[in-house]
Amino acid sequence: MDAAFVIEKFILVAVIFGVSLLIAMYSTYAERKVAAFLQDRLGPDRAGPFGILQPLADGVKMFMKEEIVPATSNRWLFMVGPGLAMLTACIASAVIPWGSPIAIGDRVISLQVTDINVGVLYIFGVVSLGVYGVMIGGWASNNKYSLLSAIRAASQNISYEIAMGLSIIALLLLTNTLSLKEIVAQQHGWHWNVLYQPVGFLIFMVCAFAETNRAPFDLPECETELIGGYHTEYSSMKLGFYLFAEYINMFISSAVMATLYWGGYNYPGMDYVAATLGTTWAPLIGTAVFFLKIFAFIFFFMWVRWTIPRFRYDQLMNLGWKGLIPLAIANIIVTGVVIAIVEKF
Amino acid sequence: MNINQNHPLLTDNDPQEELVTLNLGPTHPATHGVFQNVLQLDGERIVSGVSTIGYIHRAFEKIAEHRPFYQITPLTDRLNYCSSPINNMGWHMTVEKLLNIKLPKRVDYLRVIVMELSRIADHIICNTIIGQDTGATTTFLYLFQFREHIYEIFEEVCGARLTTNIGRIGGFERDFNAIAFAKIRKFLKEFPDALREFEKLLNRNRIFIDRTAGVARVSAEQALDYSWTGPLLRATGVDYDVRVSEPYSSYEEFDFEVPVGTSGDIYDRFLVRNEEMWQSVRLITQALDKIEKEPKGIFHADVPEFYLPAKEEVYNNMEALIYHFKIVMGEIDAPRAEVYHAVEGGNGELGFYLINDGGRTPYRLHFRRPSFINYQMFAPMSKGMLLSDAIINMSSMNIIAGELDA
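None of these values were measured; they are calculated from a predicted model. (Residues numbered from 1 in each chain as written. Chains lettered and ligands numbered in written order. Predicted model: local features only at pLDDT ≥ 70, side-chain atom pairs only at ≥ 80, totals over all residues. Heavy atoms only, no water.)

1. Describing the overall build of chain B
When its secondary structure is counted, chain B shows 17 helices and six strands. What you see for chain B is a C-alpha radius of gyration of 22 Å, in line with the 22 Å of a compact globule of 406 residues. Seen through its principal axes, chain B has C-alpha atoms that stretch 80 × 50 × 35 Å. The buried share of chain B, taken over its 406 residues, is 59%. Residue pairs at least 24 apart in sequence account for 70% of intrachain contacts in chain B once pairs closer than 6 positions are excluded. Accessible area for chain B stands at about 16100 Å²; split by element, carbon and sulfur atoms hold 52% of it. (Helix = DSSP H or I, 4+ residues; strand = E, 2+ residues; numbered from the N terminus. Rg over C-alpha atoms; globule rule 2.2 N^0.38 Å. Buried < 20%, exposed > 50% of the residue type's maximum accessible area, 1.4 Å probe, protein only. Contact = heavy atoms within 4.5 Å. Areas by Shrake-Rupley, 256 points an atom, 1.4 Å probe, with all protein chains shown as cover.)

Rendered as structure tokens:
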């Protein structure tokens, strides 16, 4: 391991971290603009041209707000909650391959922070940890609404993780690897996994909605029932962290969906582009395509949120346990049988 | 330890108690208005509940005993402030019934227009709020701009938007101007498309149907036992509508239908209100046609001793000055009588029970407020419901705090 490698990774981590935050920041702006568009309104347009400085204004506002810690709360846990939510949201991006390796001179730079051979499991682990931020925050607030919300969040995330895991197993039967880098490499050109695993993708996407607590699964923070849900008692940047973590989670979920099912940085005709542009510039186009896919998913997340109502708690559980899990198991069986038949003949 | 004798649920402070006491309101985002429900929860299921009302009780009935008739109109604004023109008209009609004033047809039709517009505004609020409370915020904000258009029409007619204080005893204070008619026509043209889109978003939406159908089911017997009226009663299948059973303001000349539901659940209430908006559109269209046939420029009955004269008249004409003085000082010759007049408000039968002893002010005035009467069932109904269901049940009952507490 040479010094250049360490510096390279440092830069990559910093860039990915910065880009995650930037995209999360502008997701809040995009959310408001998309909502306004769907609701026949204008949306934020005061701060800067078309309101593009709105996220900055929001951020400054968040920092300047008075911070209130409820007297009866558990002070230490109250502070850990939002930090944990933010931390788990940020570290999940470490294993996502953002593009094919770039060759500068004779040095090949991988656009992936680390290619651990259990990348899929790592993401699952980190996402599972994410619920602790919500649970701890809801518990430490010492507020009944927050507590109800924390209970909802815990049961929802645990239930949907099972369906999510099962939907991934069918994919793993196909790819034979847990490394995200290899999973992406296998989807070269337009051999995207979604074409072989459409049902698995649907299940995964529904679960991703539930895992990120987005509508129609936003039960932990549905304002009409639980006021603010787990962040009812939070103010200032602690509240900001929770809201921000949700947008980072949305970004990461979109990236994971694009990586696992929609070919990551692969696109039809990439071989031709690589041949003409060379290995220095072609990967950047791949990265751009990858981000395009991510943005499409983020838009989809918002479109759904501003269109349909949310589930009730028991309906959510029914959908998870009686709908998605049996479907995911059936998907595994069908996939397994088909693979066995194809390999035999 | 007894915290509050009025709240039997709050008195229990046993740490071993398995049930959770939850204060829903008075400043909860789902209680659209200031009222409180103390609920006892077993997980998410409501075991029992107690409703507290009176947070914005302003003693309107008592205040009304100290005011001449025309000064009571602003009080009625503040009952159901989502459809105040209906309240204003109801009060004017009550006094007109007492004084035995017969209105010209054109005034009746103008009143029908104003009342049906405010019914649409009221139902827009209730139905979009059901959408909002189930999580579909877009439906709320999308249809809400048409409420704004209705308010612009009110602004054109009387100058105010929310607490309108529209009209006078004996008619209107001025004629609708050309802009008002143009705005009404524009509204009639644009609103149906938006309402159709709104219905497309929710009526056949699987999640919405799952959330609302079969929830908070009420039988017709139960509803009548609690003397429910309005869309809530009609959703249970009883076709009682004051506009049909006791026609006022020439409603008998109009061709419209009274939509009824079957099961009285939230979904039925939603559909009934939507259909009523369609019927209101029909009514307004018919009223505009009828006005065309009436002589122009008539906007009040010819009753100088009860109808406030124009300011110009007051300054230049002695009779007008005398009438103005007498009306403002409450010295009108009102018969000693008891009258009850009801109109179909946004939430149900809005009644005014007026006892007059020949003095300057009413001897007694009682408002029959539908929200107050409908709300009685909320706490008993909530027993055994999930918290989420109870909240959309509350939104579908369209409880307006001003009308609830008076």
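More follows now that the structure is in view.
2. Looking at the packing of helix H11 (residues 266–293) of chain B against helix H16 (residues 387–396) of chain B
Residues and elements named next belong to chain B. Between H11 and H16, whose axes approach to 10 Å, the crossing angle comes to 25°. By the angle class used here, H11 and H16 are roughly parallel. Crossing hand, H11 versus H16: left-handed. Listed contacts from H16 to Ile266, Arg269 and Arg273 of H11 are Asp389, Ile392, Asn393 and Ser396. A class-by-class count of the residues in the contact of H11 with H16 yields two nonpolar, two polar and three charged. (Axes fitted to C-alpha atoms, helices over the stretch in contact; angles between N-to-C directions. Parallel < 35°, antiparallel > 145°, perpendicular 65-115°, else oblique. Left-handed = near helix turned anticlockwise from the far one by under 90°. Nonpolar A, V, L, I, M, F, W, Y, C, P; charged D, E, K, R; others polar.)

3. Description of the pattern of salt bridges
Under the definition given, this model contains 32 salt bridges over all chains. For Glu31 of chain A, the salt bridge identified is with Arg214 of chain A, shortest N-O distance 2.8 Å. A residue pair is termed long-range when its members are at least 10 positions apart, and Glu31 of chain A in helix H1 (residues 3–38) and Arg214 of chain A in the loop between helix H8 (198–211) and helix H9 (223–226) qualify at 183 residues. For the pair formed by Glu31 of chain A and Arg214 of chain A, the shared burial category is buried. In this structure, Arg196 of chain B engages Asp193 of chain B in a salt bridge whose closest nitrogen and oxygen atoms are separated by 3.2 Å. Residue Arg196 of chain B and its partner Asp193 of chain B are located together in helix H6 (residues 178–202), separated by three residues, close to a single helical turn. Overlapping salt bridges bring together Glu116, Arg119, Arg234, Asp241, Arg243, Glu276 and Glu344 of chain B as one network. (Salt bridge = Lys/Arg side-chain N within 4 Å of Asp/Glu carboxyl O.)

4. What about the pairing of strand S3 (residues 45–52) of chain B?
The sheet contact formed by strand S2 (residues 36–42) of chain B and S3 of chain B spans seven bridges and is antiparallel. What sits directly across from Leu41 of chain B, in S3 of chain B, is Ile46 of chain B. (Pairing = 2+ DSSP bridges.)

5. Points about the side chain of Thr73 of chain B
All names here are of chain B. Take Thr73: it is sitting in helix H2 (residues 73–77). Overall, the relative accessible area of 2% leaves Thr73 in the buried class. Of note is the side chain of Thr73, whose polar atom sits 3.2 Å from the backbone oxygen of Tyr70. (Polar contact = N/O pair within 3.5 Å; in protein donor to acceptor, adjacent residues only side chain to side chain.)

6. Some details on a nonpolar patch on the surface
On the surface, Phe5, Val6, Ile7, Phe10, Ile11 and Val15 of chain A cluster together into a nonpolar patch covering about 560 Å² of accessible area. By the element assignment, Ile7 of chain A lies in helix H1. (Patch = residues over 30% accessible without salt bridge, like charges linked within 9 Å, V, L, I, M, F, W, Y side chains within 5 Å.)

7. Structural notes on the environment of Leu172 of chain A
Residues and elements named next belong to chain A. With respect to the secondary-structure elements, Leu172 resides in helix H5 (residues 144–175). When the C-alpha positions of Leu172 and Ile183 are compared, they lie 8.9 Å apart, and in sequence the two are 11 residues distant. Setting aside its immediate chain neighbours within four residues, Leu172 contacts Thr177, Leu178 and Ile183.

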